[in-house]
Structure formats: structure tokens, C-alpha cells
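# Overview (structure and organization)
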Amino acid sequence: MDIGLIISSILSPNVLLFTVAGILLGMFIGAMPGLSATMGVAILLPLTFWVEPSAGLGMLLGIYNSAIYAGGVSAILLGVPGTPASIASTFDGPIISKGGHPTLALWINTVFSVIGGLIGILCLIIASFPIARFALRFGPPEYTTVALFGLSMMVAVSGKSVAKGIFVGFLGLALSTVGMDPMNGVKRFTFGKFILIDGFSFVPIMIGLFGVGEALKQLSETPAVKVRFVKKLEKEQKTTVSDFIQEEKGAQKRMTLREVWATKWSILVTSIISVFVGAIPGTGGDIAAIVSWTQCKNFSKDKENYGKGSREALAVTCAANNASIGGAMTTMLTLGIPGDSVTAILIGALMMYNYTPGPLLFSEHKDMVIILFGLLVVCNILILLLGNLGSKIFSKFTKLPRAWISTTIIMFSLVGSYAIQNSVFDVFVCLVAGIFGFFLSKGGFPTGPIVLALILGEMVESNFVRSMMLPPGTYSTFFVRPISLVLIILTAVSLIGPAVIKLVKKSKERKEA
Amino acid sequence: MKKGFVVLALAVLIAAPLFAEGATESKFPTKSISIVCQANPGGSSDLNCRTIAPGMEEILGVPVTVENRPGAGGGIGISYAAAAPADGYVIGHLPVDVAQIKPAGNADVTPEDFRVLARVSTHPAAIIVKADSPIKTTEDFIAYAKSNPGKVSVGNSGTGAVWHLAACQFEQAADITLNHIPFEGAAPSITALMGGHIDAICASAAEVRAQIQSGDLRIVCVLSAERFGLFPDVPTAKEAGYDINVLCWLGFGVPAGTPDDVYNTILDAMRTSYQSEAYQNMLAANGYTPAWLEGEEFQKYAMEEFEIYNELIPRVLGY
């Protein structure tokens, strides 16, 4: 098939219609805490029985790409990550939007998601085979050290008190040990309850801490009288009572070209890191964003502001989770191994159409591969167009009274945590996590480290044990393997680095004095 | 006048469903049926449920939806389905796990808690190595394991999962000791094998077909009694003289005590859906062997499997 025909088949009305439908659906799924891209793609998989390949895959890829993007919308506006992949966007996003720049923050999410997505696709197109082969070099020791590197972010997201951050971080690690031990199958802290065998799933806890907890905090800070006389006040003041997020008058709505250009190195490094993280099976957008954020905090010029509402930091996290899609697609297409849970389902979709992923796909069904690349590009362009339109609608919600928003968040959080596994237990987990999170933030404890520990805790544990089970079976395995050694050094830098910089500064000041 | 009309209209609206209910009361089904899948959306179990459902919906004339209730190695969903009222409105998806859950201590449920409908497909366990591995035959593998006792690292998809238990059964049959390395699912174990971090994996022969076709991996032997349709050239371990037969099977069942007429209506619908082109295509695309076995025969088969695992699992897991 020649290129012209392929392009016209991608841009045919039928395919575009399904792709746009996928993107709109993905935006909804992504923005709703509890509904994940995996769920959306899985439920629509049977579509592939009836629809032609390019339309069916267009819809599935549309959901995938736009759900990851839209997870950032709720992370920014509500402080609740819509999907786990936008966990890291909650560290800077809400600060920017609460600081009076919600439109700007949404613009950053849209534009940098697309930039990251496109860089990811570019890597996929030009280097999918080498990237996938590199991903294979990740053995248990490398998984252990990359997870450790991610855990070192705990310090960075602790805010004012590192001690408090580490305390809740270790609490999260303790929570991650509940359930069946991943290596020997021993049931830990299950108290004979079957429901605890798999431990706590981290999404209800995440939604609870970020959603319910934050909403309760907002409500507790809303003076009751204001809520009661919403209408009266509105009439009198001619404004809404929402002080949850207020767009500053004449606030910057988008970054200037110069500002965007200034982030080029951070974004480029982030996107490339994320492509590799995405390519490594078992790690997806959440870990890509966490690792990129930590990495950029170590080296960026703007590192002082990371975690305090840095625009660059938000841009980094938005670019990272979308760039990881390109990476996940490399291992999926070239090796037939899913890079994350969504690509696992996409493999199923390709199989349904009788395209077996693997090197043969590239030689025997070249046209299909090009169509896939084309669809990914189209998805990103559509996200840019529809996302900017959507931002205008999304930011309207922030004008609603705070009490409405908070109660709605609580409702959606509870519904969302039920939806994940159709489990009432998860609703209670979410509720308890929410109340717990409320008291934590009242006491000045950050909640980020808990979720970080829940995502990475089991990964460190099982891979550490696995590394020890394989020859040579000693700690040296972490230091003799080059990738693992580099990751250990990076972890050390991000742990000790800030302290060393402080010491150097102090001694300089002393000399000057 | 207007008010009277509204009241009348409302009365009709409210009463209509009552009449409808009365008219069809005796005939099953009158409301939507749900298939409880014991795993997350996206896996082979979920795909199996979602592919059989549309065909059944067409015949039964009511929506047939899939409800995912994952957790505890399938224990949550399967015990939920077993505890549902025996009226046919809840169908349980029953993979081989139903025979393993109780011995593994993941839930208190066995195939006896169900009136099983049918087994639909199977796929065998296999010993898989990298394509460039010096291990070519079953004998090679066993000789290598015997000269390096406890050192040959064999990955699996998780402790207590069917593929881990398959490797344990092979270990016993061949009188060797392996170094079992559990992973979080099949895909990470396949990756670790391709990256050369482990010596072999024990996994579903269907799951690695992409890597076999691309020439990255090679199946040493399948652990089922008969050869695997997708790769008919690959010998079985039995051919080398080791008595072993491990299959992952997928099936369905309704709670024990479901009345005959309801049971037969569902079974007939399922049989027709199973024979449909869409369903058979799904099996072929994924490399699953069609293996229809219905009613009493499947019940007997499931209980035999239960007996095997009830003896094996406590011994392997040490409790």
C-alpha cells in the first residue's frame, strides 16, 4: 500500500469519527478518578469484532492517549489525579491553579501532553527496535534500583518537613506489605480475611487521600455562613463565593513561546526518560512522571520551585506520562510484550484483527504499522484541538461555589473507588483514607509520599528478593550492573544532593562573612 | 381536565410494567444477566466473558453484562458468584482457579458450590527457553537441571498460579529441583527470559506465540498429555516418559441448586454463542484450544482437578 492511500485511510471520515469518539470518551474516563484508561480500553475491546481495524484501533488509541492527558485536568483543578499516571501532576498543578492561574495550568497540561506524546511517537517511529532491546536489559536488580530512585522523590515532595514526609512514606511502605507476599505467597496482616489477600489496592487510597481528604479540608475551611447564604451573597457581591480557585483578573492564560522554549532541555530529557520507562514492561506513565520529576528536580535550573508550583515541573509531569505511551508501544509492537496494562489489551485488539505483534508485523504488515503511527499522531493533534476547547469548559467548573465542588468530589471519589473492582470494601478504604488524609493535612503531613510508597513499595520488595534469588545472589549484583549502578548513584544524588548544596552554601557564606 | 389527563397518563405509566411483569413472569429470563469475571478487565478471563456474552444476549433477549470482581487469586469473584441466588441471573466465570482457591486458602469455594455449565477452552503449560539456548529437548532440560540442582532459574507468573504449580508438577515427575522465580504476571516473566535474566519459564504456550513466531523464544515441551494445536511440532513431556498433564481451562457455572429449566436455557444459549463465528475467531486469534465439555462431564472433570490441586498446593506452598 502506498503512503497516499494509508494517509487517506487514516483521514477517512469513518476513522476520524471513531477516533474523536475515543478521545472524548477518554477525556471523561481520564478526568474521573477511579475510571482508568485500562478499563475504558478493555470494555471497548469487543468493538474490534465489528469495526474495521483502523477505526477500531483509532478509537482505542484515542481513549488511551486522551485518558492519560485528561487525568491531569482533575489533578490540576481538583488536586485529585484522574488516573494514576497524573499522580506527579498533583505536586505543582493545584498550586498553580489555586494561585490564580487555572487556565494557564490547563493550557500547560494540554500543550505539554501533546509535546511529550509526539516526542514519544517520534522515538517509536525512529528507534522502536533499539529501545525495546534496551528495555530487555532491565532485570530484577534494575527494577529494584529504578523503584528506589522513584522512592527518593519522597524527600522532594515532603514540603516543609522532611521528617513528616518520611514518616508517612514509611507508613505507606508498611501498608504496601499487607496481603499475600509476592514471592512466597505468605499471607501477611490479612487477619484471615479473604478481601485482604491482595492487600489494599492503591487507587482507592489515592482517591481517598487526594479527593475525599482534600475536599474535607476545603469544607472545614469554608465558613458555614458563606455556604448557607450563597445566593444572597452572590447577589450582593456580584461574584461567586468560590475561593477554591479564582482566576486572577488579567492572569496569564498561556505560556509565551520564549517560556516554552526555556523548558526545552527538561522536556526533552523527560520525554526520553519516559519513553524508556514506558518501554520497560510493568512500569507506565505513573512511574515515568515520578522518575522524570525527581530527575529534573536534581538538574533543572528551576529546581528550587519544584513542588512549590513550578510551571516547568507541571510541564515535565504532563509530558512524561504521555511520552511513556510511545515507549510502551515499542515493546508491544516489536516484541509482543505489553509495556503497561493498556498495551496488554491493545495486543489483544491487534490479535483480533489477525496482526500478531512482533518483528514480523514490521515486515509483513508494514502498512498496519504506519497506520498505527499515523493514528497516534492524529490522536495527539485532536487532543490539542479538543483539549483547548475543553479547557474553557473545565475552567468554568472552578467558578462554582467551593461547597458544591467539595461535595461533588467526595461523591465521585466514592463512586469511582467502587467502580474499580465493584467492591464495597474499596469504598470503605477510600473513605477511611480520606478521613485519615484530612487529619494528616491538618497536621501538616504531606500525603504524596504514602501513594508513592504504595506504587513502588511492592516493586522494590519483590524485585529485591528476586535479585537475591538469581546468581550471584549477593548485594554486589546491584553495583556490578551498569544501569543499576547509575540508578543507585542518581538515587544517592537526589537524597544527599540537597543537603550537600546547603552545606556548600553555608560554608561559602561563612567565608564571605 | 388537564390534570385528570396527567393523572391517567401517570397511572398507565406506573401500571404498565406491572402488566408486563405478569405476562412474562414464568419465562426465564425477565431481567439482565451478569457474568461475574474473577479477574480485571483486559486479561484472558475477561476476554472470554466479553466474547461469549453478546451471542447469549441475542438468544436470551435480555442484556448479558460482564461484572469484574477481581481479587485473592480469583477467590473474591468466584465465591461471590457461588453465593448468588440460584436463579440463573448470575453466571460465574470458572477458570482452573476454581479448583485451586480452597487449597490455596484464598476463599472457601470449590467446584461443588456450582452447577457447572461448560468448559469452553484450554491451553497447555509449556517449558520455554530463549531461542539460542543450548537446551533443545526435554531430556536436555532434565539433564541440565540434574547437573545443576536448584540452580536452573524458571520464571512463572506468580507463586501459586497454575504455571508455577505446573513447574512444580514437572519437577516431581522428572525428579529434579528448580529455582522458581515468581513474577507479577506472565508478561514480566517473558521479558526476563528474553533479556536473559533467567534460564527458562513455565507459562501458557498460547501466551508466547508472538515471541515463538518471531524466533526469540522456543518451546522445549508442552506439559499437556496431548500436543498443542497451535504448535503441533512441539513434543509433550509425556512423550519423553514423564507422566504429567497440566492445562489451564476456562469455563462457566451457575450456583448449585439452579433449577433445570433455567439451567438448560442458559446452557443452550451458551452452546450457540460458543459455536458462533465471533467466539471461535477469538479462540483462534489467541491460540486457545476449543474444548467444549458440558454438564455432568465437566463437573466430574473440575472435581478431579480439585483433587489434584488439593493434594499438590499444600505440599508446594508449605501449608
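Residues numbered from 1 in each chain as written. Chains lettered and ligands numbered in written order. Predicted model: local features only at pLDDT ≥ 70, side-chain atom pairs only at ≥ 80, totals over all residues. Heavy atoms only, no water.

### Considerations on the overall build of chain B
Where we set the bar: Put simply, DSSP marks the helices as runs of H or I at least four residues long and the strands as runs of E at least two long, and each gets a number from the N terminus on. Burial here depends on accessible area, computed with a 1.4 Å probe over protein chains only, as a share of the maximum for the residue type. Under 20% is buried, over 50% is exposed, and the range in between is partly exposed. The criterion used for residue contact is that any of the two residues' heavy atoms lie within 4.5 Å. Working definition of accessibility: Shrake-Rupley area with a 1.4 Å probe, residue cover restricted to the visible protein chains. Counted as positive: Lys and Arg. Counted as negative: Asp and Glu. His and the chain ends are not counted at all. Charge coordinates come from a single atom per side chain, which is NZ of Lys, CZ of Arg, CG of Asp or CD of Glu.
Helix and strand content of chain B: ten helices and ten strands. Split into buried and exposed, the 319 residues of chain B put 57% on the buried side. A sequence separation of at least 24 residues applies to 75% of the contacts in chain B between residues at least 6 apart. Carbon and sulfur atoms form 55% of the exposed surface of chain B, whose accessible area is close to 12800 Å². For chain B, the distance from the average site of its 20 positive side-chain charges to the average site of its 35 negative ones is 4 Å.

### Describing the interface of chain A and chain B
For the record, the criterion: Once two parts are joined, some of their accessible surface, as seen by a 1.4 Å probe, is lost; buried area is that loss totalled over both. What counts as a salt bridge is simple: a side-chain nitrogen of Lys or Arg found within 4 Å of a carboxyl oxygen of Asp or Glu. Polar contacts, as used here, are pairs of N or O atoms within 3.5 Å; protein pairs need one atom able to donate a hydrogen and one able to accept it. Residues neighboring in sequence count only if both atoms are side-chain atoms. Polarity classes work like this: nonpolar for Ala, Val, Leu, Ile, Met, Phe, Trp, Tyr, Cys and Pro, charged for Asp, Glu, Lys and Arg, and polar for all others, with Gly in that last group.
The interface is formed by 43 residues belonging to chain A together with 44 residues belonging to chain B. Together, the buried faces of chain A and chain B total about 3600 Å²; carbon and sulfur atoms form 61% of this surface. In this structure, the connection of chain A to chain B is made through two salt bridges. Here A:Arg466 makes a salt bridge to B:Glu184, at a shortest N to O gap of 3.3 Å. Our enumeration of links across chain A and chain B arrives at 15 residue pairs in polar contact (both at pLDDT 80 or more). Elements supplying a minimum of two residues to the side of chain A that touches chain B: α3 (37-44), α6 (102-136), α17 (341-352), α18 (359-364), α20 (402-421) and α22 (448-469) of chain A. Examining the composition of the side of chain A that touches chain B, we find that four residues originate from one element, α22(A), more than from any other. Grouping the constituent residues of the side of chain A that touches chain B by class yields 28 nonpolar, eight polar and seven charged.

### With respect to the environment of B:Gly155
Residues and elements named next belong to chain B. Its location among the elements puts Gly155 in strand β5 (residues 153-156). By relative accessible area, which is 0% here, Gly155 ends up buried. Once the C-alpha coordinates of Gly155 and Ile128 are considered, the two residues, 27 residues apart in sequence, prove to be 9.7 Å apart. If we ignore the near neighbours within four places in the chain, the residues touching Gly155 are Ile181, Phe183, Ile198, Ala200, Ile201 and Cys202.

### Some remarks on a positive patch on the surface
What counts, and what does not: Patch membership is restricted to residues that have no salt bridge and whose relative accessible area is over 30%. Joining uses 9 Å for like charges and 5 Å for the nonpolar side chains Val, Leu, Ile, Met, Phe, Trp and Tyr.
The grouping of A:Lys253, A:Arg254, A:Lys392, A:Lys396 and A:Lys399 at the surface amounts to a positive patch. Secondary-structure assignment places A:Lys399 in the loop between α19 (366-397) and α20.

### Details of unusual backbone geometry
At the junction of A:Pro471 and A:Pro472, the peptide bond is cis and its omega measures out at 5° in the coordinates. When you line up the elements, A:Pro472 lands in the loop between α22 and α23 (477-480). Looking along the chain, the bond that leaves B:Phe28 and enters B:Pro29 is cis, with omega of 0°. Phi angles above zero are rare outside glycine, and B:Ala72 is one such case at about 50°. Note that B:Ala72 resides in the loop between β2 (64-68) and α3 (75-83). Phi angles above zero are rare outside glycine, and B:Asp175 is one such case at about 55°. Within the secondary structure, B:Asp175 sits in the loop between α5 (162-174) and β6 (179-182).

### So, the domain arrangement of chain B
Residue and element names in this part refer to chain B. The condition that has to hold: Domain extents, as shown, originate in an automatic or database domain assignment.
Splitting chain B by domain gives domain 1 (33-121 + 248-317) and domain 2 (123-240). With centres defined by C-alpha atoms, the gap from domain 1 to domain 2 works out at 27 Å. Each partner contributes residues to the interface: domain 1 has 15 residues there, and domain 2 has 14 residues. Of the roughly 1300 Å² buried between domain 1 and domain 2 on both sides combined, carbon and sulfur atoms contribute 61%. Residue assignment for the side of domain 1 that touches domain 2 shows that the elements contributing at least two residues are α9 (277-286) and α10 (295-317).

### Notes on the packing of aromatic side chains
To describe a pair of aromatic rings, you give the distance between the ring centres and the angle between the ring planes. This is how the line gets drawn: Ring pairs shown here join Phe, Tyr and Trp side chains whose ring centres sit within 6.5 Å, with only the six-membered ring taken for Trp; geometry is labelled stacked below 30 degrees between planes, edge-to-face above 60, and tilted in between. Note on geometry: a ring has a charge over it if NZ (lysine) or CZ (arginine) is within 6 Å of the ring centre and within 35 degrees of the ring normal.
Using the criterion set out here, one finds 19 aromatic pairs over all chains in the structure. With 6.5 Å between their ring centres and 80° between their planes, B:Phe170 and B:Tyr242 make a pair best called edge-to-face. With a gap of 72 residues between them, B:Phe170 in helix α5 and B:Tyr242 in the loop between β8 (217-222) and β9 (247-255) connect regions that are remote in the sequence. Given a relative accessible area of 17%, B:Tyr242 falls into the buried group. Aromatic pair B:Tyr274 and B:Trp292: ring centres 4.8 Å apart, planes at 40°, arrangement tilted. Of this pair, B:Tyr274 sits in helix α8 (residues 260-275) while B:Trp292 sits in strand β10 (residues 289-294), and the two are 18 residues apart along the sequence. Pairwise contacts between aromatic rings join A:Phe134, A:Phe138, A:Tyr143 and A:Phe276 into one cluster. We note B:Arg69 situated over the ring of B:Tyr80; from NZ or CZ to the ring centre the distance is 3.8 Å.

### A few points about the packing of helix α7 (residues 140-151) of chain A against helix α15 (residues 285-299) of chain A
Residues and elements named next belong to chain A. To keep things clear, this is the line we draw: Think of each axis as a best-fit line through the C-alpha atoms, taken over the contacting stretch in the case of a helix, with angles from 0 to 180 degrees between the N-to-C directions. By definition, turning the near helix anticlockwise from the far helix through less than a right angle yields a left-handed crossing, and turning it clockwise yields a right-handed one.
Contact geometry of α7 with α15 gives a least axis separation of 9 Å together with a crossing angle of 65°. Seen along the crossing, α7 lies across α15 with a hand that is left-handed. Across the interface between the two elements, Val146, Phe149 and Gly150 from α7 touch Ile290, Val291, Thr294, Gln295 and Asn298 from α15. Its residues assigned to classes, the contact of α7 with α15 shows four nonpolar, four polar and no charged.

### Details of the nonpolar core
Grouped burial of nonpolar side chains is what soluble globular proteins tend to show. Condition: Here the nonpolar core consists of buried residues drawn from Ala, Val, Leu, Ile, Met, Phe, Trp, Tyr and Cys, with membership extended through side-chain atoms lying within 4.5 Å.
Core analysis: the largest hydrophobic core is formed by 197 residues, its most contacted members being A:Met329, A:Leu333 and B:Ile91. Domain assignment of the residues forming this core places at least three in each of domain 1 (33-121 + 248-317) and domain 2 (123-240) of chain B. Leave out the neighbours within four places in its chain, and A:Leu333 touches A:Leu124, A:Leu350, A:Pro357, A:Gly358, A:Leu361, A:Phe362, A:Leu372 and A:Phe373. Residues B:Ala84, B:Val96, B:Phe114 and B:Cys221 belong to the second largest nonpolar core, which totals 56 residues.

### So, the pairing of β9(B)
Residues and elements named next belong to chain B. Which entries qualify depends on this criterion: At least two DSSP bridges between two strands are required for those strands to pair.
Among the nine residues of β9, nine are classified as buried, and the element is accordingly described as predominantly covered. As judged from the four bridges shared by strand β3 (residues 90-95) and β9, these two strands associate in the antiparallel manner. Opposite Gly92, over in β9, you have Gly253 as the bridge partner. For strand β4 (residues 114-130) and β9, the ladder comprises nine bridges, and the chain directions are antiparallel. Considered in β9, the bridge of Pro124 is made with Leu247.

### Some details on the environment of B:Phe228
All names here are of chain B. As for its position among the elements, Phe228 is in the loop between β8 and β9. The class for Phe228 is buried, based on a relative accessible area of 3%. Taking the C-alpha atoms as reference, Phe228 lies 35 Å from Val262; in sequence the two are 34 residues apart. Once residues within four sequence positions are removed from consideration, Phe228 is found in contact with Pro124, Ala205, Ala206, Val222, Gly287 and Thr289.

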